[in-house]
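Okay, here's what each chain looks like letter by letter:
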Amino acid sequence: MQLQPEFESMSRPELQKLQFQRLQKLLENVYEKVPFYRQSFDKHGVKPSDLKSLQDLQKFPFTYKQDLRDNYPFNLALADKKDFVRIHASSGTTGKPTVMVYTQNDLQIWSDVMGRSLTGAGITSNDIVQVAFGYGLFTGGLGAHCGGERINAAVIPASGGNSKRQITLLKDLGVNAICCTPSYILSLLDTAKELNIDIHKDLKLRTGVFGAEPWGEEMRQKIEQGFNIKAIDIYGLSEIIGPGVACECREAQHGMHVNEDHFLIETINPETGEVLQPGEQGEIVFTTISKTGMPLIRYRTRDITRLITEPCACGRTFHRMQKVIGRSDDMLIIRGVNVFPTQIESVLMQNKEVAPHYMIFVSTDEHSGMDKLEVQIELNEEMFSDITKNLQHLESNYTKDIKDIIGISCKVRLVEKNSLQRFEGKAQRVIDTRKKK
């Protein structure tokens, strides 16, 4: 089932012709109107006129997340401010978010690709869709919401949290599909058991669309068995558009179809930047060929996966990407939220009670399957005796301060001076014992 078969099932030559036309226009527009890209192209000795084929895209320089921070908030925008209709943002290492702007054209594209994704997952206008992604600056909630409305499904904007209410809505409203993180749906499974809900009798769920964090086949099986549903993987990132950049189809579930009429995808060697052949594992890079608000040229995602070019049984002709297996940098993804060690460090530097020595422990809760985050922080020696009696209160304060910065809860444990490992070279601040998916 396809929402826009005229695009999703285009022949490869037709698709490549469309991609080239859109890419050519994009390069000309950003070179003329965005100083950053004009300077970047000139520095690398390329002009829009150097694009003679799609393969020539590799002549053009990459765009990095740091470029968005350095040009905060709107210096990378192609559109005029009067044409901005939506602004989303993701967190960064310095407290300043990575800001993305959307025009009316961009929102229509986003609605279309999310509508395609939900349709490919088997969701129709007859379904009730509960969106349990967070709403706000995070793109998950509103992206899934608009996709549901695009296909005329009934959308419940439940947002995240309040698990008992989520279960009540699923049961009382006869919800057929849910969109959220895979770890959260497992949490809802535990809540349903606590409430003595018979999932097979009391719920009408048949589809779940899950993303915003890595998850493997073992978790998929646990979700599908626990809720008796089809669990669909979706991929996106706010810099490109949000969720809906790629999504699995219900028929095959063998890789996520990239919406290539809007997003050009490349796979590169993360060390050298060399473009790899389809099927080779590497870092994926996107170019947004139809966006008009803040389009990006060859954006380095740092996500590691590989492309699948073989025909899919569903009839879509778009190339597919496998599940992301990791990242080429040291950013942590915890319960769908990007976390940098320097964000936690920024909290410590503002407080005299602790030394600048800390460790971050990430693990998987055996019961819920959700990510656990613990931060161990050394107390200053001269402060330890005075603080010990108020240790619990102080740990609670640090827990709140860190959550305010990174956006998710964690456990904080204050420890004695010199109790944490020291490093002669680069400090290893993170111990991640989660299974690699």
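Scope of this entry: the structure provided in the associated data block.

### Some details on the overall build of the protein chain
- Helices and strands together make up the secondary structure of the protein chain, namely 13 helices and 21 strands.
- Here the C-alpha radius of gyration of the protein chain, 23 Å, is about what a compact globule of 437 residues would show, namely 22 Å.
- Across the 437 residues that make up the protein chain, the buried fraction comes to 55%.
- Partitioning the contacts of the protein chain with sequence separation of at least 6, the portion at a separation of at least 24 is 66%.
- Carbon and sulfur atoms form 48% of the exposed surface of the protein chain, whose accessible area is close to 19,600 Å².

### Brief notes about the packing of aromatic side chains
- Counting across every chain of the model gives nine aromatic pairs.
- Centroid distance Phe41 to Phe60: 5.1 Å. Interplanar angle 70°. Geometry classified as edge-to-face. With a gap of 19 residues between them, Phe41 in helix H3 (residues 35-43) and Phe60 in the loop between H3 and helix H4 (65-70) connect regions that are remote in the sequence.
- Clustering of aromatic rings is evident, with ring pairs tying together Tyr31, Phe36, Tyr37, Phe41 and Phe60.
- Looking at Lys291, its charged tip hangs above the ring of Tyr102, at a distance of 5.6 Å from the centre.
- In this structure, Arg300 is placed above the aromatic ring of Phe62, and the distance from its NZ or CZ to the ring centre is 5.0 Å.

### Section: the nonpolar core
- In terms of nonpolar packing, the biggest core is built from 68 residues, with Tyr37, Phe41, Tyr235, Phe286 and Met321 touching the most fellow members.
- Apart from the residues lying within four places of it in its own chain, the contact partners of Met321 are Tyr235, Ala246, Gly255, Met256, Val258, Ile265, Ile284, Phe286, Thr305, Arg306 and Leu307.

### Quick look at the pairing of strand S3 (residues 128-131)
- As defined by bridge partners, S3 adjoins strand S4 (residues 154-156) across three bridges and the pair is classed as parallel. Bridge pairing in S4 links Val129 to Val155.
- On the question of chirality, the crossover connecting S3 to the parallel S4 by way of helix H6 (residues 139-150) is right-handed.
- Alignment of S3 against strand S5 (residues 177-180), held across three bridges, turns out to be parallel. Bridging from a neighbouring strand, Val131 pairs with Cys179 of S5.

### Section: the pattern of salt bridges
- According to the stated counting rule, one finds 20 salt bridges in the structure shown.
- Linking Glu239 and Lys65 is a salt bridge whose minimum nitrogen-to-oxygen distance equals 2.3 Å. Placement of the pair is Glu239 in the loop between strand S7 (230-237) and strand S8 (242-247) and Lys65 in helix H4, with a sequence separation of 174 residues. Each member of the pair Glu239 and Lys65 is classed as buried.
- If you follow the salt bridges from partner to partner, you end up with Glu217, Arg220 and Glu248 in one network.

### Description of the side chain of Asp261
- One can find Asp261 in the loop between strand S9 (256-258) and strand S10 (263-268).
- A distance of 2.7 Å separates a polar atom in the side chain of Asp261 from a polar atom in the side chain of Arg116.
- Residues contacting Asp261, with those up to four places away along its chain left out, are Phe7, Leu15, Leu18, Arg22, Arg116, Ile289 and Phe318.

### A closer look at the environment of Thr191
- Inspection of the secondary structure assignment puts Thr191 in helix H8 (residues 182-194).
- C-alpha separation for the pair Thr191 and Ile167, spaced 24 residues apart in sequence, amounts to 7.5 Å.
- Excluding anything up to four places from it in sequence, Thr191 contacts Ser163, Lys164 and Ile167.

### Side note on the side chain of Asp371
- The residue Asp371 is located in strand S19 (residues 371-379) in this model.
- Overall, the relative accessible area of 14% leaves Asp371 in the buried class.
- Here the side chain of Asp371 touches Arg434 through a polar contact of 2.9 Å, side chain to side chain.
- Setting aside chain neighbours within four positions, we find Asp371 in contact with Ile333, Ile334, Arg335, Ser363, Thr364 and Arg434.

### Overview of helix H7 (residues 163-172)
- Every buried residue of H7 is listed here: Ser163, Gln166, Ile167 and Leu170. Relative to the axis of H7, the buried residues are bounded by an arc of 95° and lie together on one face. Across from the buried face of H7, at angles greater than 90 degrees, the exposed residues are Lys164 and Asp172.
- Those residues of H7 hidden inside the fold are in contact with S3, S5 and H8.
- At the exit of H7 stands Gly174, carrying a positive phi of roughly 65°.

### Quick look at the packing of helix H2 (residues 12-33) against H3
- Two numbers describe how H2 lies on H3: the axes approach to 5 Å, and their chain directions differ by 105°. What the angle tells us is that H2 and H3 run roughly perpendicular. Counting all contacts with H2, which are made through Leu27, Val30, Tyr31, Glu32 and Lys33, the residues of H3 involved are Pro35, Tyr37, Arg38, Phe41 and Asp42.
- When grouped by side-chain class, the residues that make up the contact of H2 with H3 number six nonpolar, no polar and four charged.

### With respect to the sheet that holds S9
- Spatially, S4-S3-S5-S6-S7-S8-S9-S14-S13 is the arrangement adopted by the nine strands of the open sheet, whose pairing is mixed. Looking at which strands have only one partner, the edges of the open sheet turn out to be S4 and strand S13 (307-308).
- Contacts from H6 reach S3, S4, S5 and S8 within the one sheet, and its direction differs from that of S8 by about 65°.

### Concerning H6
- Taking 1.5 Å per residue as the helical rise, H6 with its twelve residues ought to reach 16 Å, and the 16 Å between its terminal C-alpha atoms agrees with that figure.
- All buried positions along H6 are accounted for by Thr139, Gly140, Gly141, Gly143, Ala144, His145, Gly147 and Gly148.
- Asn152 occupies a position one or two residues after H6 and carries a positive phi of about 65°.

Conventions and cut-offs
Residue positions are counted from 1 within each chain, in the order its sequence is given. Given that the model is predicted, a residue must reach a pLDDT of at least 70 before its local features are reported, and side-chain atom pairs must reach 80 or more before they are shown or counted; all residues, however, enter totals for whole chains, interfaces and linings. The side-chain figures draw on all heavy atoms in the structure; neither hydrogens nor water molecules are used. The numbering of helices and of strands both runs from the N terminus, where a helix is a DSSP run of H or I of at least 4 residues and a strand a run of E of at least 2. The globule rule is 2.2 Å times the number of residues to the power 0.38, and the radius of gyration it is compared with is taken over C-alpha atoms. Only protein chains enter the accessibility calculation, which uses a 1.4 Å probe; a residue whose area is less than 20% of its type maximum is buried, one above 50% is exposed, and one in between is partly exposed. In this analysis, two residues are considered to be in contact whenever any of their non-hydrogen atoms come within 4.5 Å of each other. Per-residue and other accessible areas were derived by the Shrake-Rupley procedure at a 1.4 Å probe size, with only the shown protein chains allowed to occlude residues. Only the six-membered ring of Trp is used, alongside the rings of Phe and Tyr, when aromatic pairs are assigned; centres must lie within 6.5 Å, and planes under 30 degrees apart are stacked while those over 60 apart are edge-to-face, with the rest tilted. Charge-over-ring contacts are defined here by two conditions on Lys NZ or Arg CZ: a distance within 6 Å of the ring centre and an angle within 35 degrees of the ring normal. Each nonpolar core is a collection of buried residues, namely Ala, Val, Leu, Ile, Met, Phe, Trp, Tyr and Cys, held together in the definition by side-chain atoms within 4.5 Å. Strand pairing is defined by DSSP finding a minimum of two bridges between the two strands. Seen with its strands pointing away from the viewer, a crossover is right-handed if its path from the first strand over the helix to the second goes clockwise. Just to be clear on terms, a salt bridge is a Lys or Arg side-chain nitrogen sitting within 4 Å of an Asp or Glu carboxyl oxygen. Contacts described as polar in this section are N or O atom pairs within 3.5 Å, which, within protein, must combine one atom able to donate a hydrogen with one able to accept it, while residues neighboring in sequence count only if both atoms come from side chains. The arc in question is formed by the directions pointing from the helix axis toward the C-beta atoms. Think of each axis as a best-fit line through the C-alpha atoms, taken over the contacting stretch in the case of a helix, with angles from 0 to 180 degrees between the N-to-C directions. Oblique is the label for any angle not under 35 degrees, not over 145, and not in the 65 to 115 range, which are roughly parallel, roughly antiparallel and roughly perpendicular in turn. Each residue receives one of three labels: charged for Asp, Glu, Lys and Arg, nonpolar for Ala, Val, Leu, Ile, Met, Phe, Trp, Tyr, Cys and Pro, and polar for the others, Gly being one of them. Helix span is expected to be 1.5 Å times the residue number reduced by one.

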